[in-house]
Amino acid sequence: MTILLDDRRAAQRILDHIENRTTDLGGEIWREPVANYRSEERLAMEVQQVFKRTPTPFCPSAALPQAGAYVAREAAGTPILAVRGEDGTVRAFRNACRHRGMAVANATGCAKSFVCGYHGWTYRLDGSLRHIPHEHGFPGLDKSTHGLAPLRAEESCGMVFVTQDTPALEDPALDELAHVFSPEQQLFATRERDIAANWKILLEGFIEGYHIRATHPETFYPYGFDNLNLVEPFGRNSRVTYPFQRIAKLARVAREERRVDGLLTYVYHLFPNVLITVLSRHTNVVVLEPLGIDSTRNITYTLTNRGADQEEMLREAKRDAAFVGEVGAAEDRAVVCAIQRGLGSGANEVFTFGKFEGAIAHFHRTLKAALAGRAPAA
Ligand code: FES
Ligand SMILES: [Fe+2]
């Protein structure tokens, strides 16, 4: 397993690239059949065999700050409810009442119990069925076997992971995320947006910097470099680092005193469909939820970064998030939607990912192996 570079080693590798006019290069190019973006059958396999069987980040821990706090949304097409219990443990359930299947919670909030809006069956935070109105109409019904259907949920590294089906592959490399979140970080925005593109096209746009100059000439490029990135696979996942030009000043700072805050952006791709983007003052957890072969819901949780003064951090984070979230993201959306519209043009039977796009090659290689039931590439 590759261990991610720490900040100082990452800074040094970037400084070396600046000096040598180089960038990280992947081992080989990857050719991905365009049919894999257009096939209903392929998407169904991705969802059933990969999404549902992989411990997948459902939301950041910061979205469930106290007992009763919950998040309800679909993941891999399944309505799921995650809630922090009185004992502090996060649990996840299929969000469907055990009477006739109505959702028992919507969106986000804080509850003492979940009361189904159809007939009023009431569940405790641990999912157990507490109350049936006019219970005498259900003679012999065992309440203890009619709690909300649980799913495997684990809280680690500042995120809640949910697994819907028997996990096919554990991923010890996720330990690499231990330092990404700290408890003082606050969730200050959650946004959902449906985008007319296959989930993999959206994902690909996050994990390569080759496009920055052409796609973002006035937003990101003036502060960044043309095609200068670190690309580090770890387990099934990868991290891509986007330095800002101002990182060059670290060349004049002693190695042990170098700090990278505000000088680069780390983007973690957590297989299969989650990204963590650590920007100067805020961090996004982005979940790409497939709605169909040509439609994806982008659910973005935005947190302040770590820092002593959370009030000031919050002000600055909101300002930055508005810029990156609106202007830059609109440029990426225009690209991915145009790619989606062109998928059926017949121009390409394969898409060719070059050596600068190594994190994408790693993703497709890993996805292919997972669909074939093989161990992930290291
Ligand atoms: S469906 Fe929930 S109480 Fe009837
Ligand atoms: Fe972009």
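Residues numbered from 1 in each chain as written. Chains lettered and ligands numbered in written order. Predicted model: local features only at pLDDT ≥ 70, side-chain atom pairs only at ≥ 80, totals over all residues. Heavy atoms only, no water.

Draft legend 1. Structural view of the pairing of strand 1 (residues 30–33). The side-chain alternation of strand 1 yields one buried face, formed by Trp30 and Glu32, and one unburied face, formed by Arg31 and Pro33. As defined by bridge partners, strand 1 adjoins strand 19 (residues 350–353) across four bridges and the pair is classed as antiparallel. In the strand pairing of strand 19, Glu32 is matched with Phe351. (Buried < 20%, exposed > 50% of the residue type's maximum accessible area, 1.4 Å probe, protein only. Helix = DSSP H or I, 4+ residues; strand = E, 2+ residues; numbered from the N terminus. Pairing = 2+ DSSP bridges.)

Draft legend 2. Spatial organisation of the packing of aromatic side chains. The final tally for this structure, using the stated rule, is nine aromatic pairs. Ring centres 5.6 Å apart and planes at 80° place the aromatic pair Trp199 and Phe363 in the edge-to-face group. Note that Trp199 is positioned in helix 4 (residues 199–206) and Phe363 in helix 7 (residues 358–371), a separation of 164 residues in sequence. On the basis of relative accessible area, Phe363 is assigned to the buried category, the value being 0%. Measuring from ring centre to ring centre gives 6.4 Å for Phe234 and Tyr268, while their planes differ by 85°; the resulting arrangement is edge-to-face. Taken as a pair, Phe234 in strand 13 (residues 230–234) and Tyr268 in strand 15 (residues 264–270) lie far apart in primary sequence, 34 residues in all. Considered together, Phe234 and Tyr268 belong to a single accessibility category, that of buried residues. Members of the aromatic cluster, connected to one another through ring pairs, are Phe51, Trp199, Phe271 and Phe363. (Phe/Tyr/Trp six-rings, centres within 6.5 Å; stacked < 30°, edge-to-face > 60°.)

Draft legend 3. Representation of helix 3 (residues 40–51). Taken as a whole, helix 3 has its buried residues at Arg42, Leu43, Glu46, Val47, Val50 and Phe51. In a view along the axis of helix 3, the buried residues occupy a sector of 135°, so they form one face of it. Along helix 3, exposed side chains directed more than 90 degrees from the buried face belong to Glu40 and Glu41. Capping the start of helix 3, Ser39 holds a side-chain oxygen 3.2 Å from the backbone nitrogen of Glu41, two or three residues further along. (Arc of directions from axis to C-beta. Polar contact = N/O pair within 3.5 Å; in protein donor to acceptor, adjacent residues only side chain to side chain.)

Draft legend 4. How the structure looks around the pairing of strand 15. Most of strand 15 sits inside the fold, with seven of its seven residues counted as buried. Side chains Leu264, Tyr266, Tyr268 and Leu270 project from strand 15 onto one buried face, and the interleaved Thr265, Val267 and His269 project onto a second face that is buried too. Where strand 14 (residues 237–243) meets strand 15, six bridges bridge the pair, whose relative direction is antiparallel. Paired with Arg239 across the two strands is Tyr268, which belongs to strand 15. Counting the residues between successive antiparallel strands, the hairpin from strand 15 to strand 16 (residues 274–278) contains three residues.

Draft legend 5. Inspection of the side chain of Asp171 at higher detail. Topologically, Asp171 is positioned in the loop between strand 11 (159–163) and strand 12 (187–195). Look at Asp171 and you get buried, because its relative accessible area is 11%. A polar contact is formed between the side chain of Asp171 and the side chain of Asn237, at a distance of 2.9 Å. Every residue in contact with Asp171, bar those within four places of it in the chain, is listed here: Gly235, Arg236 and Asn237. (Contact = heavy atoms within 4.5 Å.)

Draft legend 6. Broad picture of the packing of helix 4 against helix 7. Their axes nearest at 10 Å, the elements helix 4 and helix 7 cross at an angle of 145°. Seen from helix 4, the contacting residues are Trp199, Lys200, Leu203 and Glu204; seen from helix 7, they are Ile360, Phe363, His364 and Leu367. Partitioned by chemical class, the residues of the contact of helix 4 with helix 7 number five nonpolar, one polar and two charged. (Axes fitted to C-alpha atoms, helices over the stretch in contact; angles between N-to-C directions. Nonpolar A, V, L, I, M, F, W, Y, C, P; charged D, E, K, R; others polar.)

Draft legend 7. Seen up close, the domain arrangement of the protein. Splitting the protein by domain gives domain 1 (7–54 + 169–371) and domain 2 (58–163). On a C-alpha basis, the centres of domain 1 and domain 2 stand 31 Å from each other. With both chains or domains summed, domain 1 and domain 2 bury close to 1500 Å², and 66% of this area falls on carbon and sulfur atoms. Run the count over domain 1 and domain 2 and you get zero salt bridges. If you look at where domain 1 meets domain 2, you find three residue pairs in polar contact (both at pLDDT 80 or more). Class assignment for the residues of the side of domain 1 that touches domain 2 results in 14 nonpolar, two polar and four charged. (Domains from an automatic or database assignment. Buried area = accessible area lost by both parts, 1.4 Å probe. Salt bridge = Lys/Arg side-chain N within 4 Å of Asp/Glu carboxyl O.)

Draft legend 8. Structural context of a nonpolar patch on the surface. Together, Leu25, Tyr210 and Phe356 line one region of the surface with nonpolar side chains, adding up to about 300 Å² of accessible area. Topologically, Leu25 is positioned in the loop between helix 1 (7–20) and strand 1. (Patch = residues over 30% accessible without salt bridge, like charges linked within 9 Å, V, L, I, M, F, W, Y side chains within 5 Å. Areas by Shrake-Rupley, 256 points an atom, 1.4 Å probe, with all protein chains shown as cover.)

Draft legend 9. Local environment of the sheet that holds strand 14. Here we have seven strands laid out as an open sheet, ordered 12-18-17-16-15-14-13, and antiparallel in their pairing. Each edge of the open sheet carries a strand with a single partner, namely strand 12 and strand 13. In this sheet, neighbouring strand axes are inclined to one another by 15° on average, regardless of whether the strands run parallel or antiparallel. Bridge analysis of strand 15 against strand 16 gives five bridges, and the strand direction is antiparallel. The residue bridging His269 from the neighbouring strand is Leu275, located in strand 16. Strands in contact with helix 4 are strand 12, strand 14, strand 15, strand 16, strand 17 (282–292) and strand 18 (295–304); relative to strand 17, the strand with the most contacts, it is inclined by about 160°.

Draft legend 10. Just the nonpolar core, in detail. Ranked by internal contacts, the top residues of the largest apolar core, which has 47 residues, are Tyr268 and Leu270. Here this core gathers at least three residues from each of two domains, domain 1 (7–54 + 169–371) and domain 2 (58–163). Counting residues in hydrophobic clusters, the runner-up holds 37 residues, among them Trp199, Leu202, Ile212 and Val231. (Core = buried A, V, L, I, M, F, W, Y, C linked by side-chain atoms within 4.5 Å.)

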